[in-house]
Amino acid sequence: MTSRSILVVDDDPHIREVVVFALEKAGHAVSTAGDGAEALRMIEATPPDLVVLDINMPEMDGLELCRRLRREGDLPILFLSSRDDEIDRVVGLELGADDYVTKPFSPRELAARVAAILKRSVPREATPVSEPGPHPIAHRTAEGLLSIDEGRHSVAWEGRPVRLTATEFQLLLIMARQPGRVFDRETLMRGAYAPNVHVSDRTIDSHVRHVRAKLAEAGAPALIETVHGVGVRIAER
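Engineer: Just to check I follow, could you spell out the pairing of strand 10 (residues 224–227) for this structure?
Structural biologist: Where a strand is regular, its side chains alternate between the two sheet faces. Bridge count for strand 10 against strand 11 (residues 231–234) is 4 bridges, and the pairing is antiparallel. Across the sheet, V227 pairs through a bridge with G231, a residue of strand 11. Taken together, strand 10 and the strand that follows it, strand 11, pair antiparallel across an intervening segment of 3 residues, in which G229 is found at a positive phi of about 80 degrees.

Printed below as a string of structure tokens:
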């Protein structure tokens, strides 16, 4: 497994110690910050591959840091939140976080969720010349052309880039591989997350809503269709 750089942001030294131990055991290079302001400085200096981010912190809380990071790019973010902070978890997902883990948490589950996000966010390793990589997807509807290049981890609508987070990209890719097929939440979850990772319906709905909004901003408001009571699909030609 290739080592990735991860920044753990939490004002509780004990939580930082537990997370660092779990992630270093999984083979990652881990750095830490005690608040959002310190984390922002570190990210601006040397962007990590992923941020594990607590919500309630001094100086700058996790939600505000997430807002700032999302204005600049699609750096993968996994939130840590207390069980009684459901509204914060929902807001975090609405801001564009890739996933969340509630406290107290299993270090093994945390490492699995981090691994799943990294797998979705990092383009596939370069393949030998003799082994072609995944074929780009070009799906044309009456409104325009959707292009997805899995190897480059890029999406475009009519040539205009659509910037998606790792989870959003994976969900769109799942649907675009089979235009017209209706996907329920359970199927999308199984495709986007590791087998031992489970998320709520609300989490899947938030990610799909973000994909829709970003496609609409690029000029494709009707590309993802809802089949009420069943699921969602990519519009056919």
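And the narrative resumes.
Engineer: How do you make sense of the confidence of the model for the chain when you look at a structure like this?
Structural biologist: Detailed conclusions should not be drawn from predicted coordinates in areas where pLDDT is low. Counting all residues, the mean pLDDT for the chain is 87, and 90% of those residues have values of 70 or more. Low pLDDT, under 50, characterises residues 124–130; the predicted model gives this stretch 7 contacts beyond four residues in sequence or across chains.

Engineer: Would you mind going over the environment of A176 with me for this structure?
Structural biologist: Relative to the helices and strands, A176 is located in helix 6 (residues 166–176). According to the relative accessible area criterion, A176 is buried, its value standing at 3%. Sequence-wise, A176 and I234 are 58 residues apart; in three dimensions their C-alpha atoms are separated by 6.1 Å. Beyond its immediate sequence surroundings of up to four residues, A176 is in contact with I137, L146, I148 and I234.

Engineer: Teacher, can you tell me more about the sheet that holds strand 3 (residues 50–54) here?
Structural biologist: In any sheet, the strands associate via hydrogen bonds between backbone groups, in a parallel or an antiparallel arrangement. Ordered by their spatial adjacency, 5 strands build an open sheet running 2-1-3-4-5, and the pairing between neighbours is parallel. The open sheet has two edge strands with one neighbour each: strand 2 (29–33) and strand 5 (99–103). The sheet shows a mean angle of 20 degrees between the axes of neighbouring strands, direction not considered. Across 4 bridges, the pairing between strand 3 and strand 4 (residues 77–82) is parallel. Following the sheet pairing, V52 is matched in strand 4 by L78. Contacting strand 1 (5–9), strand 2, strand 3, strand 4 and strand 5, helix 1 (residues 13–25) crosses the sheet at an angle of about 165 degrees to strand 2.

Conventions we followed
- Residues numbered from 1 in each chain as written.
- Predicted model: local features only at pLDDT ≥ 70, side-chain atom pairs only at ≥ 80, totals over all residues.
- Heavy atoms only, no water.
- Pairing = 2+ DSSP bridges.
- Helix = DSSP H or I, 4+ residues; strand = E, 2+ residues; numbered from the N terminus.
- pLDDT = per-residue confidence, 0-100.
- Contact = heavy atoms within 4.5 Å.
- Buried < 20%, exposed > 50% of the residue type's maximum accessible area, 1.4 Å probe, protein only.
- Axes fitted to C-alpha atoms, helices over the stretch in contact; angles between N-to-C directions.

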